[in-house]
Amino acid sequence: MKSEKINVLYVDDEVDNLNAFKAVYRRDFNVFIVESAAEGTKILENNEIEVILTDQRMPEMTGVEFLESILDEFPESMRILVTGYTDVGAVIDAINKGQVYRYVSKPWDNDDLRNIITQSAEVYRLRKEKRVLTEDLIRVQKQLEFMLRQKLSSN
């Protein structure tokens, strides 16, 4: 089993939330904190991020808009929407547009959120493993088909 820390990105325009998150989780995870979606995208471009958390209500774009904007380029990262507001529309948008894995309310429970991040990273790992195995299977199948064609043409 891999002992490397999970890379977690948290995007929130409230610096106090970012600092609190980093203080609580820095021993458990490699924590990247940024104040904007643009900074979040830069982190994603330069690091393999297993889990992304984003606040819903931010000035330049909502959390859902951010998650939707990175979906094509970073489809495997697990996405968690964090909000202090009970906004059913945002939750529905998050699920439909941003393909959010989980929704977390502020203030969060530290142990619950730690478990959610860990579970999210496990799903990420399993999906990545499945993709690799599928690619290997396709490659082997093509090799077998080639060998079979060679054998049939030599007879």
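Preceding this section is the structure that the text describes.
Residues numbered from 1 in each chain as written. Predicted model: local features only at pLDDT ≥ 70, side-chain atom pairs only at ≥ 80, totals over all residues. Heavy atoms only, no water.

**Regarding the sheet that holds strand β5 (residues 102-105)**
One open sheet accounts for 5 strands, arranged β2-β1-β3-β4-β5; its pairing is parallel. Of all strands in the sheet, those with a lone pairing partner are β2 (29-34) and β5, marking the two edges. Each neighbouring strand pair of the sheet contributes to a mean axis angle of 20°, computed without reference to strand direction. Pairing geometry for strand β4 (residues 78-83) and β5, over 4 bridges, is parallel. Residue pairing in the sheet places Thr-83 in a bridge with Ser-105 of β5. The strands that helix α3 (residues 63-70) touches are β1 (6-11), β3 (51-55) and β4; relative to β3, the one it contacts most, it runs at about 145°. Packing against the sheet, helix α5 (residues 110-154) makes contact with β1, β2, β3, β4 and β5, and its axis sits at approximately 155° to β4. (Pairing = 2+ DSSP bridges. Helix = DSSP H or I, 4+ residues; strand = E, 2+ residues; numbered from the N terminus. Axes fitted to C-alpha atoms, helices over the stretch in contact; angles between N-to-C directions. Contact = heavy atoms within 4.5 Å.)

**Regarding the nonpolar core**
Judged by nonpolar contacts, the single largest core of 20 residues is most densely connected at Val-8, Phe-21, Val-51, Leu-53, Trp-108, Leu-113 and Ile-117. Taken together, the elements giving at least two residues each to this core come down to β1, α1 (15-25), β2, β3, β4 and α5. Element by element, the count of residues in this core is highest for α5, at 5 residues. Counting 16 residues, the second largest nonpolar core, distinct from the first, contains Leu-9, Ala-37, Val-64 and Ile-70. (Core = buried A, V, L, I, M, F, W, Y, C linked by side-chain atoms within 4.5 Å. Buried < 20%, exposed > 50% of the residue type's maximum accessible area, 1.4 Å probe, protein only.)

The values are spatial; any link to function lies outside them.
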